[in-house]
Structures are given as C-alpha cells and as structure tokens.
Amino acid sequence: MEPDKPVSRQLPRHVAIIMDGNGRWAKQRNQARHAGHRAGVEATRAIIEYCVCTSIPCLTLFAFSSENWQRPKHEVSLLMELFVQSLKRETDKLNSNGVCVRFIGDRSAFSARLQKQIAETEQFTQDNTTLTLNIAANYGGRWDITQAARAVAQQVESGTLSAAELTEQHLTDAMCLADLPEPDLFIRTGGEKRISNFLLWQLAYTELYFCDVLWPDFNQQYFDEAIVFYNQRERRFGMTSEQLTQVQN
Ligand code: FPP
C-alpha cells in the first residue's frame, strides 16, 4: 500500500507508539494470543512503510516493556521467537528501504540468539538515513532515567562534573534517543489512556493521541487520522497563544 504524501500537513519528526490490543484482537477471533502478536507484526510493517513513504524520519515502537516479563512464560518465549524471526525476515527489506534499526532497553536479559540478531540488524542497517526505527525492547522509562542518572553520577564521581553544575541537559544527553528530536506525536492503540512507563522523560511536550483500534487493525488510514489530530494541536511549549503567533511571524 502506497499512501499519498499528505500535502499541506505538517508531519511529526518523531512518532512514538504503544502497540496495544494484540491479545484482545486474537480473543475476539477465538485465537491464541500469539496469533494477535503475529497479526501485530503485519500492522507494524504497514506503519513503517507509511513513515518511509511520507518521510517521517523517526519512529519508536514499544515492542516489549520491562513489565512484560510477568506474562505467562509461554507467551514471553513465543514473543521472543517472533522478534527473532521478524528481524531475520525483514532486515533486508528494511535495509533496502533506507531504514536504520536501533534497539533501546536492557538487551542483556535476552537470549544470546536474540541479542545476536539485534546486533546484526543494527549493524547491517546503521548507515541508513530515510527512517530511524527505534524498537523499545525490555525498555522502561524509569529504567532509562535511572541509567542516565547513573551515567551522570559517574561523571560526578570521576570529577568531570560537579553536582552544582548538573543541569537537565546532562540527563537529556544521557537518555536513550538523545541524538534524535523528542517525539512530536505519541500514539497508543487499544483503548487504554496510559503512558505505561514508556518514554517518560522524552514525552514531556509530546502530543498524546489515544485510539480504541486494536493494534493489528491499526493501518495507514488510522495513522493518517492521528496525523490530522496532530495538525489540530497548538504546540505552545509553555507559552501563550499570542506569544506563539509572535514567534511564528
Ligand atoms: C501489546 O498487546 C503488544 C505487545 C506486548 C507486543 C507487541 C509486539 C508486536 C506487535 C510485534 C512487533 C514486532 C517487532 C519486531 C517490532 P497486548 O498483548 O498487551 O494486547 P492486549 O492488551 O489486548 O492483551
């Protein structure tokens, strides 16, 4: 499917998505939860294509949270297998579409096989510039802030930074995705209205869009609706509407 380029719309530079609703999608069809995750991969593919075709330069997807380990063992291992297989299958195509794939999160908890596949995909696609696709896996926003705080504390410990000099920017620089623009648009499918420990630091000024569609049903048309919503927002970053008009003129 080739979406038309939205002509007069402003596109977000970075979209972050919580892909929720795979389990319910499968349940509605009397299928095992895994069938929902498999269908979720198809939806993921269409959304990546949308970003490539419309020139949205960054996409971050929440594939597996730090809390998802609490799911039944069987579901976790099937999900891990799905990640390995999807990466194996999709890496060439992602590469030929100019997609740079990166993972954020604590990958040390994954099997050696999955870690190897992640490293191979990252290395193979690292020079691509059309779309940066960040896959958050074993990721948590609090984990991210903690690892950034640890990195900054090490600078203080080693004497390269004093506690008094520490600014927000030092933490921002140590967070995952520090080299990318912060997300302009956050989307959560599946009806829940929560951020669920996703990019807590990076979402400070992001426009939040929640929709009831279950992730396997989320398609390019629904993505378009989210972009329309985004275009209706007035992003004030703490300023008044009047100040914003002055800045823009
Ligand atoms: C949430 O639905 C979905 C997940 C925990 C897994 C998301 C993973 C994919 C869609 C596969 C993407 C693959 C790659 C390689 C990026 P849920 O199970 O919480 O659904 P429910 O709320 O209806 O139970």
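Our structure is the block above this text.
Because the structure is predicted, anything quoted here is derived from the model rather than measured. (Residues numbered from 1 in each chain as written. Predicted model: local features only at pLDDT ≥ 70, side-chain atom pairs only at ≥ 80, totals over all residues. Heavy atoms only, no water.)

Digging into the overall build of the protein chain
Item 1. A tally of helices and strands in the protein chain yields eight helices and six strands.
Item 2. For the protein chain, the succession of helices and strands along the chain, N to C, is β-α-α-β-α-β-α-β-α-α-β-β-α-α.
Item 3. Its C-alpha atoms give the protein chain a radius of gyration of 19 Å, near enough to 18 Å, the size a compact globule of 249 residues would have.
Item 4. Each principal axis of the C-alpha distribution contributes one length, and for the protein chain these read about 55 × 50 × 35 Å.
Item 5. The 249 residues of the protein chain split such that 48% are buried.
Item 6. If you take every contact in the protein chain between residues at least 6 apart in sequence, the share linking residues at least 24 apart comes to 76%.
Item 7. On the protein chain, roughly 13,300 Å² of surface is accessible, and the fraction owed to carbon and sulfur atoms is 49%.
Item 8. Each charge class in the protein chain was averaged separately, 26 positive and 30 negative side chains, and the resulting centres sit 7 Å apart. (Helix = DSSP H or I, 4+ residues; strand = E, 2+ residues; numbered from the N terminus. Rg over C-alpha atoms; globule rule 2.2 N^0.38 Å. Buried < 20%, exposed > 50% of the residue type's maximum accessible area, 1.4 Å probe, protein only. Contact = heavy atoms within 4.5 Å. Areas by Shrake-Rupley, 256 points an atom, 1.4 Å probe, with all protein chains shown as cover. Lys, Arg positive; Asp, Glu negative; His and termini not counted. Charge placed at Lys NZ, Arg CZ, Asp CG, Glu CD.)

Quick word on the site of the ligand
Item 1. Taken together, 17 residues are adjacent to the ligand, and Asp20, Gly23, Arg24, Arg33 and Arg71 come closest.
Item 2. Between an oxygen atom of the ligand and a main-chain N or O atom of glycine 21, the distance comes to 3.3 Å.
Item 3. Take arginine 71: an N or O atom from its side chain is 2.7 Å from an oxygen atom of the ligand.
Item 4. Among the cavities detected, the one that contains the ligand is the largest pocket.
Item 5. Listing elements by their share of the shell around the ligand, those giving two or more residues are helix H1 (22-28), helix H2 (33-54) and helix H3 (73-96). (Near = heavy atom within 4 Å. Polar contact = N/O pair within 3.5 Å; in protein donor to acceptor, adjacent residues only side chain to side chain. 1 Å grid on protein atoms, 1.4 Å probe; cavity = no way out; pocket = protein on both sides within 12 Å on 5 of 7 lines; lining within 4 Å. Sits in = over half its atoms within 2 Å of the grid points.)

Section: the nonpolar core
Item 1. With 42 residues, the main nonpolar core has Ile17, Leu59, Leu185, Ile187 and Phe223 as its most contacted residues.
Item 2. The greatest single-element share of this core, amounting to seven residues, is contributed by H3.
Item 3. Grouped together as the second largest cluster of nonpolar side chains are 14 residues, Cys58, Ala136, Phe186 and Leu199 included. (Core = buried A, V, L, I, M, F, W, Y, C linked by side-chain atoms within 4.5 Å.)

Things to note about unusual backbone geometry
Item 1. Even without being a glycine, asparagine 30 presents a positive backbone phi close to 55°.
Item 2. Structurally, asparagine 30 can be placed in the loop between H1 and H2.

What to know about the pattern of salt bridges
Item 1. Enumeration over the complete set of coordinates arrives at 15 salt bridges.
Item 2. Here arginine 89 ties to glutamate 90 by a salt bridge, and the two come within 3.4 Å at their closest N and O atoms.
Item 3. Taking the relative accessible area as the measure of exposure, glutamate 90 reaches 14% and is therefore buried.
Item 4. One salt bridge in this structure joins glutamate 207 and arginine 233, with 3.4 Å as the shortest N-O distance. Of this pair, glutamate 207 sits in strand S6 (residues 207-210) while arginine 233 sits in the loop between helix H7 (220-232) and helix H8 (241-248); the two residues are 26 residues apart in sequence, bridging distant segments of the chain. (Salt bridge = Lys/Arg side-chain N within 4 Å of Asp/Glu carboxyl O.)

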